[in-house]
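Notes for the structure review
One letter stands for each residue in the lines below.
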Amino acid sequence: MPEYEFVDVYVPRGVSRKETTRLLTDHAEYGHWELYRLSLLRDGSRRVRLRRRIIRQVRATW
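To start, this report covers the structure provided alongside it.

What counts, and where the lines are drawn
- Residues numbered from 1 in each chain as written.
- Predicted model: local features only at pLDDT ≥ 70, side-chain atom pairs only at ≥ 80, totals over all residues.
- Heavy atoms only, no water.
- Helix = DSSP H or I, 4+ residues; strand = E, 2+ residues; numbered from the N terminus.
- Buried < 20%, exposed > 50% of the residue type's maximum accessible area, 1.4 Å probe, protein only.
- Lys, Arg positive; Asp, Glu negative; His and termini not counted.
- Salt bridge = Lys/Arg side-chain N within 4 Å of Asp/Glu carboxyl O.
- Polar contact = N/O pair within 3.5 Å; in protein donor to acceptor, adjacent residues only side chain to side chain.
- Contact = heavy atoms within 4.5 Å.
- Pairing = 2+ DSSP bridges.
- Axes fitted to C-alpha atoms, helices over the stretch in contact; angles between N-to-C directions.
- Phe/Tyr/Trp six-rings, centres within 6.5 Å; stacked < 30°, edge-to-face > 60°.
- Lys NZ or Arg CZ within 6 Å of the ring centre and 35° of its normal.

Some points on the side chain of arginine 46
By the secondary structure assignment, arginine 46 is in strand S3 (residues 46–54). Despite being buried, arginine 46 has no salt bridge partner; glutamate 19 is the closest side chain of opposite charge, sitting 8.7 Å away. Of note is the side chain of arginine 46, whose polar atom sits 3.5 Å from the backbone oxygen of valine 15. Among all residues touching arginine 46, those that are not within four sequence positions of it are Val9, Tyr10, Val11, Val15, Arg17, Thr20, Ser39 and Leu40.

Pasting the structure below:
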């Protein structure tokens, strides 16, 4: 079963959709994050949860 690490990003309500898309795209391209959950709150702000897979190194035995 794969293991993931998560990060929460809070986007205030004054930030446009275009700027939010750019922010999340940068996280995806440079940090290898993927969108896990996006919540639109009542005040217009967004709470975004991103995840990325944890890759464990397996020791080689000789």
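Thoughts on the sheet that holds strand S2 (residues 34–40)
The strand order across the open sheet built from three strands is S1-S3-S2, with neighbouring strands paired in antiparallel fashion. In this open sheet, the two strands that pair with only one neighbour each are strand S1 (3–11) and S2. On average, adjacent strands in this sheet sit at an angle of 20° to one another, irrespective of strand direction. Across six bridges, S2 lies against S3 in antiparallel orientation. In the strand pairing of S3, serine 39 is matched with arginine 47.

A closer look at the packing of aromatic side chains
Applying the stated rule across the entire model yields one aromatic pair. The interplanar angle of 65° and the centroid separation of 5.2 Å between the aromatic rings of phenylalanine 6 and tyrosine 36 together place this pair among those described as edge-to-face. Linking phenylalanine 6 in strand S1 with tyrosine 36 in strand S2, this pair joins segments that are 30 residues apart in sequence. A cation sits over an aromatic face here: arginine 51 above tyrosine 4, 4.1 Å from the ring centre.

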